[in-house]
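Chain by chain, the residues run as shown.
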Amino acid sequence: MSDSHRRVVIVGAGIGGLSQAIALKTKLGFHNFTIYEKESEVGGVWRANTYPGCSSDVQIHWYSLSSDLYPHWNKSHGLQPEIQAYWIKLSKKYNLYPHIAFNTRVLSAEWDSAKQQYILVAEDVFSGKRTTSVAHVVISAVGILENPRIPYEIPGVRKFEGTSFHSAQWPGSIDLRNKRVAVIGNASSGAQFVPSISEDPSVEVINFIRTPTWFNIRPHIPYSDTEKWIFANIPLAMRLHRAWIMFWFDFPSLLPPGDKALKKRREAMTKYILDTIPSRYHAHMIPNHPPGCKRTVANSGFLDSLHRPNLTLNFDGIAEIVESGIVTNTGEMLPFDVIVYATGFIGERYPMHVRGLNGVTIQGYYDAHDGPTAYLGTSIPDIPNFYLLCGPNTGTPTSTMFVEEVQVAYNLQLIEPVLTGSASSFTVKASPTDAYNAKVQERISRSVLVHCHSWTRTNGTGKVFNSFPWAVTVWWWWLRRPNWDHYVAVGAKKWGWTRRIKAVKKILKCAAVLTLSWLYLRGSAQRILHDMVKYIEARKYLGKFTLGL
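Everything quoted here is computed from the prediction, not taken from an experiment.

Glancing now at the environment of proline 148. Along the chain, proline 148 falls in the loop between strand S7 (137-140) and strand S8 (163-166). It is 27 Å that separates the C-alpha atoms of proline 148 and leucine 96, two residues lying 52 residues apart in sequence.

See the structure below:
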C-alpha cells in the first residue's frame, strides 16, 4: 500500500489515539500519520492523573491492549505509574514517537470539499506558533475527560489565596504534610486519593460531599509470582483470565436483573456501606438515587479510611469560598491551606473547532441535538472522514480500552478505502444517526440513568450523553462491520466495484461449498442405499440357505 499521497491525523496520544496508530501500522501497513498531543508525553488520562492512589476501576488484564497482553501486572487493578509505563513501552515498541508532535494543540479542522481533505491549524503551546497542514482522515482521540470541571458556580472560587487545583491537574511538587486540606467531591477520583493523602496523620482532611455515591467491594488483589508465571508461560491462560473478567462484568447487562434482584442489590450495597463506615455518618452516606444512576465507585480504602481521626466528612454544603477557606451553609468558617476539586469534567463541549459540509460544526451539531450526539458514538453527519474515539454514549461500566478497540477496528474499515485511493470520503447519513440515537435515548429513559444529577447529562439534568445502555457485547456486535447503506461515499466508483467483486466471490465460494456438500451427501446417500440393498439381498439368500438345510 502506498501512503505517500494520503495522510491521517490523530488528535490525542492517550490510549485511544495510540491504539489507533498501532492498528494503522500493524493492520493496514500505513505509516503516513501524525499524532498531535498538547502535552509532553503519551498516556492521556494516565499521564494527567497523577494523584495519589490513582488506579483503574476495571481489572487490568481487561484494560490492556488485546494485541499486547502483559503477564506481569502487580495487582488485579493497575496503578497509574505502571499503566503509564505500559503505554510508553508500547509507544516505543511500535516506534510511535517519531509520529508524535508533542506540546502541540489542534485548534481547528475544516473540510475542503473540492480537495476532499481537511485543513488543520495547530499551535505550539509554548511559543504560540501556528502551523497549517492537510489530512484526508482525522481521528479524534480527545475522549470525554479532556476538560476538568471547576465549580465556578460556588461564590468566591477565585478568591482563595491558598493552593487549589483539580485532581486531574495534581501538582507533582505539592507537599501536604501539616496542611489542612479540603476535598470537594467524593466520586471515583476523590475516593481514590482521599485514603492516600489522609494516611499521613499530620494531614487534616475535610471531604465536602453534596451527593453521596454507591460503593461496592473491589479490592486490589496482588498477583503472586506463580500467577504471573502461568500468565507468561501457559498458552491461553491470560486470554482465558481476560475472557472471564469480561464475562463477569458484562453478564449483568446481558441479562438485566428484575425488580426483586435490584432491591436485593440495593439492600446489600446499603449494608456494606453501613457496616464499613463510622455510625456518625450512617444518616448521610446512603444515596437517594438507585445504584447505577451514577458510576458505582470501587471501594479501594475510602470507606475504611473514614475511621481515621484526621479525616472528616462534611455534608453542610458550601455557601462560599473565601480567601482563607470555606464557609458552609450553616455559617461555619473552616480555614484551609489547600483545596482539591474532585468535581468531574465538562463533557458536553467539544474541545476544538471542526467544520464539515454545509457549514456544520461538531459543537453546532451537539447544540442542535441537546448535547453530544453521534452515530454509534463514532461518526457525525456532514463531517466526512472524521471519527471519534470514546465519543457520545460510549460509556459502559466495563473496560474503556475494549470499547475503544472495537471503535478502532470499525474505523479501519472506513479508513482503508480512502487510504488505498478507492474512495475519497465517507459521511454518515442523518436519518440512521437520528434513528440510532432515538433508540439509545428511549432505552436510557427506561433506565436508572435518568434518576440523578450528573456531569454526564446536559446541564446536569438533561440528555444523558455518556452512557451506552446495553451490554458491551452488543456494542461489539453492532460495530463489527459498517453498514455501508448508512454512509454516503464520494469518489468511490473503484471501491464500489471492489465490493461487488468481493460479494460475487463470496457467493461463488458459498455456492461451491454447497454444491460439493450436496454432491458428497448425494454420493453418501447412494452408497448407503446400495449397501442396504446388498444387505437385504444377503439376508434373503441366507434365509433360503437356512431353509435348504
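Right, picking up where we left off after that structure.
For the rest of this paragraph, the subject is the nonpolar core. The biggest cluster of nonpolar side chains holds 101 residues, and the ones touching the most others in it are Leu24 and Met285. By residue number, the principal contributor to this core is helix H10 (residues 400-419), which donates 11 residues. In this view, methionine 285 contacts Ile209, Pro212, Thr213, Phe215, Ile273, Ile277, Phe302, Leu303, Leu306, Leu313 and Phe315; residues no more than four positions away in its chain are not counted. In terms of nonpolar packing, the next biggest core, distinct from the first, is built from 24 residues, Val106, Ala122, Val354 and Val360 among them.

This part takes up the pattern of salt bridges. For the structure shown, the criterion picks out 13 salt bridges. Among the salt bridges present, the one from lysine 93 reaches aspartate 68, with a minimum N-O distance of 2.4 Å. With lysine 93 in helix H3 (residues 80-93) and aspartate 68 in the loop between helix H2 (45-48) and H3, the pair connects residues that are 25 residues apart, well separated along the chain. Aspartate 68 sits in the buried class, given a relative accessible area of 6%. In this structure, the salt-bridge partner of arginine 446 is glutamate 442, at a minimum N-O distance of 2.7 Å. When its relative accessible area of 41% is taken as the criterion, glutamate 442 is described as partly exposed. Each of the salt bridges in this network shares a partner with another, and the network as a whole consists of Lys38, Glu39 and Glu146.

Here we take up the sheet that holds strand S2 (residues 33-36). Strand order in this open sheet of 5 strands is S3-S2-S1-S7-S19, and the pairing throughout is parallel. Two strands bound the open sheet, and with one partner strand each, they are strand S3 (100-101) and strand S19 (386-388). Both strand S1 (residues 8-11) and S7 contribute to a ladder of 4 bridges, which runs parallel. Opposite valine 9, over in S7, you have valine 138 as the bridge partner.

Turning to the environment of tryptophan 475, a few remarks are in order. Topologically, tryptophan 475 is positioned in helix H12 (residues 472-478). Not counting the four nearest positions on each side in its chain, tryptophan 475 is found in contact with Leu376, Thr394, Val403, Val406, Gln407, Tyr436 and Phe468.

It is worth spelling out empty space enclosed by the protein at this point. All told, the structure shown has 1 cavity of 30 Å³ or more when counted by the stated rule. When its volume is computed, the largest cavity comes out at roughly 190 Å³. In terms of lining residues, the largest cavity is bounded by 20 residues, among which Gly143, Ile144, Gly347, Tyr350 and Tyr366 are the most central. Of the residues contributing to the lining of the largest cavity, the split by class is 12 nonpolar, 6 polar and 2 charged.

Of note in this structure, asparagine 358 is not a glycine but carries a positive phi near 55°. Structurally, the position occupied by asparagine 358 is in the loop between strand S18 (353-355) and helix H9 (362-368).

A few words on the packing of helix H1 (residues 15-28) against H10. At a minimum axis separation of 9 Å, H1 and H10 run at an interaxial angle of 45°. What the angle tells us is that H1 and H10 run oblique. Judged by the twist between their axes, the crossing of H1 over H10 is right-handed. Residues Ile15, Gly16, Ser19, Gln20, Ala23, Leu24, Lys27 and Leu28 of H1 form the contact with H10, whose participating residues are Met401, Glu404, Val408, Asn411, Leu412, Ile415, Glu416 and Leu419.

Moving on, we get to the sheet that holds S18. Where strands meet in a sheet, backbone hydrogen bonds hold them as pairs that are either parallel or antiparallel. Spatially, the 4 strands line up as an open sheet ordered S6-S5-S4-S18, and their pairing is mixed. Each having just a single partner strand, strand S6 (130-135) and S18 make up the two edges of the open sheet. Between one strand axis and the next, the sheet turns by 20° as a mean value, whatever way the strands run.

Time to look at the packing of aromatic side chains. For the structure on display, the rule yields 33 aromatic pairs. Ring centres of tryptophan 476 and tryptophan 477 lie 5.9 Å apart, and the angle between their planes is 55°; on these two criteria the pair is classed as tilted. Owing to a relative accessible area of 46%, tryptophan 477 belongs among the partly exposed residues under this scheme. A connected cluster of aromatic rings, assembled from ring pairs, spans Tyr375, Tyr436, Phe468, Trp470, Trp475, Trp478 and Tyr487. Against the face of phenylalanine 336 rests arginine 180, its NZ or CZ located 5.2 Å from the ring centre. The lysine or arginine in question, arginine 500, covers the ring of tryptophan 497, its NZ or CZ lying 5.1 Å from the ring centre.

Turning next to the layout of surface pockets. Summary: where empty space remains is shown by rolling a probe the size of a single water molecule over the atoms. Considering only enclosed or pocket space, the second largest pocket measures out at about 560 Å³ in volume. Taken together, 15 residues line the second largest pocket, and the ones lying closest to its centre are Gln413, Trp484, Trp495, Arg499 and Lys502. Listed by contribution, the elements that provide at least two residues to the lining of the second largest pocket are H10 and helix H13 (493-548). No other element matches the 6 residues that H13 contributes to the lining of the second largest pocket. Taken together, the residues that form the lining of the second largest pocket break down as 6 nonpolar, 4 polar and 5 charged.

Attention now goes to the state of the cysteines. Inspection of the entire model under this criterion finds 1 disulfide. Residue cysteine 293 pairs covalently with cysteine 452 via a disulfide, S to S 1.9 Å. Note on the cysteine 293 and cysteine 452 pair: the S-S dihedral is about -110°, so by sign convention the disulfide is left-handed. With cysteine 293 in the loop between helix H7 (259-276) and strand S12 (297-299) and cysteine 452 in the loop between helix H11 (430-445) and H12, this pair connects stretches of sequence that are 159 residues apart. In this pair, the class of cysteine 293 matches that of cysteine 452, namely buried. Between cysteine 54, a cysteine without a disulfide, and cysteine 390, which holds the nearest cysteine sulfur, the sulfur-to-sulfur distance is 16 Å. By relative accessible area, which is 14% here, cysteine 390 ends up buried.

Calculation rules
Residues numbered from 1 in each chain as written. Predicted model: local features only at pLDDT ≥ 70, side-chain atom pairs only at ≥ 80, totals over all residues. Heavy atoms only, no water. Helix = DSSP H or I, 4+ residues; strand = E, 2+ residues; numbered from the N terminus. Core = buried A, V, L, I, M, F, W, Y, C linked by side-chain atoms within 4.5 Å. Buried < 20%, exposed > 50% of the residue type's maximum accessible area, 1.4 Å probe, protein only. Contact = heavy atoms within 4.5 Å. Salt bridge = Lys/Arg side-chain N within 4 Å of Asp/Glu carboxyl O. Pairing = 2+ DSSP bridges. 1 Å grid on protein atoms, 1.4 Å probe; cavity = no way out; pocket = protein on both sides within 12 Å on 5 of 7 lines; lining within 4 Å. Points joined across faces, edges and corners; volume = space filled by probe spheres on them. Nonpolar A, V, L, I, M, F, W, Y, C, P; charged D, E, K, R; others polar. Axes fitted to C-alpha atoms, helices over the stretch in contact; angles between N-to-C directions. Parallel < 35°, antiparallel > 145°, perpendicular 65-115°, else oblique. Left-handed = near helix turned anticlockwise from the far one by under 90°. Phe/Tyr/Trp six-rings, centres within 6.5 Å; stacked < 30°, edge-to-face > 60°. Lys NZ or Arg CZ within 6 Å of the ring centre and 35° of its normal. Disulfide = S-S within 2.5 Å.

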